[in-house]
Amino acid sequence: MHVELYERIWMWAAGALVVVFIGVVVTTAAMGAIQPPSHIETVNPAALDQHPEFAAPDVKTNADGSLTVAVVAAMFSFTPDPIEVPAGRPVTFRLTSSDVIHGFHVVGTNANAMAVPGYVSQFTVTFTTPGEYPIACHEYCGVMHHMMVGKLIVKAVER
Ligand code: CUA
C-alpha cells in the first residue's frame, strides 16, 4: 500500500505525541507523586467510630493559631454541624465519609472537595469574610441528597 510522505510524517508525529503525553503522565506520577489529593491518606470507613480523629470529628486549634477541622459526611448530614471558625486564619479541613461519596462545598467560597469513603480529603482555606455559609453536598448520595446541607460560621476576630 502506498502512503504519501506527508501522511506518513503526520502519522508518526501523532504517534510520537501520544507517547510523549503518556510519558509525561507516568513520569509526574512516579517522580512528583502527582495524584488525586483525596487519595493520599486512607482510613477504614467501617471503623470511623474507633478512629482517634473521626470518632468525634471537631474543630481543633493548633499551637500556631491555625485550625484543623475533621468532618465526617454521612447520609444525610455533616458532623460537626455547625462548624465554627475564626476569620483570617488558615483552616485545614480533613474530610471523610462513612458510607457513600458526598460532596463538601462551602457555598460562596473556593472550599470544595469530595468526601470519599476510605480516604481523607484534605485542603486548607482562609476565610476572610465573617458570616454564615451553607455547606452543600454536591455529589448525588441518595434520596435526601438535596437536603444534605451543613453550616459554616466564620466569626469576626477583634485585633
Ligand atoms: Cu451527600 Cu449528596
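These numbers were taken from a predicted model, which means no experiment stands behind them. (Residues numbered from 1 in each chain as written. Predicted model: local features only at pLDDT ≥ 70, side-chain atom pairs only at ≥ 80, totals over all residues. Heavy atoms only, no water.)

### Here's the deal with the overall build of the protein
Alright, step 1. Helix and strand counts for the protein come out as 1 helix and 11 strands.
Alright, step 2. Secondary structure elements of the protein, listed N to C terminal, follow the sequence α-β-β-β-β-β-β-β-β-β-β-β.
Alright, step 3. Taken over C-alpha atoms, the radius of gyration comes to 22 Å for the protein, far larger than the 15 Å a tight globule of 159 residues would show.
Alright, step 4. Referenced to the eigenvectors of the C-alpha coordinate spread, the extents of the protein come out at roughly 75 × 40 × 30 Å. (Helix = DSSP H or I, 4+ residues; strand = E, 2+ residues; numbered from the N terminus. Rg over C-alpha atoms; globule rule 2.2 N^0.38 Å.)

### So, the sheet that holds strand E10 (residues 131-136)
Alright, step 1. Spatially, the 5 strands line up as an open sheet ordered E5-E11-E10-E7-E8, and their pairing is mixed. The open sheet is flanked by strand E5 (83-86) and strand E8 (112-115), the only strands paired with a single partner. With direction set aside, neighbouring strand axes in the sheet form an average angle of 25 degrees.
Alright, step 2. Pairing of strand E7 (residues 102-106) with E8 involves 4 bridges; the strand directions are antiparallel. Its bridge partner being in E8, Phe104 is matched across the sheet by Ala113. (Pairing = 2+ DSSP bridges. Axes fitted to C-alpha atoms, helices over the stretch in contact; angles between N-to-C directions.)

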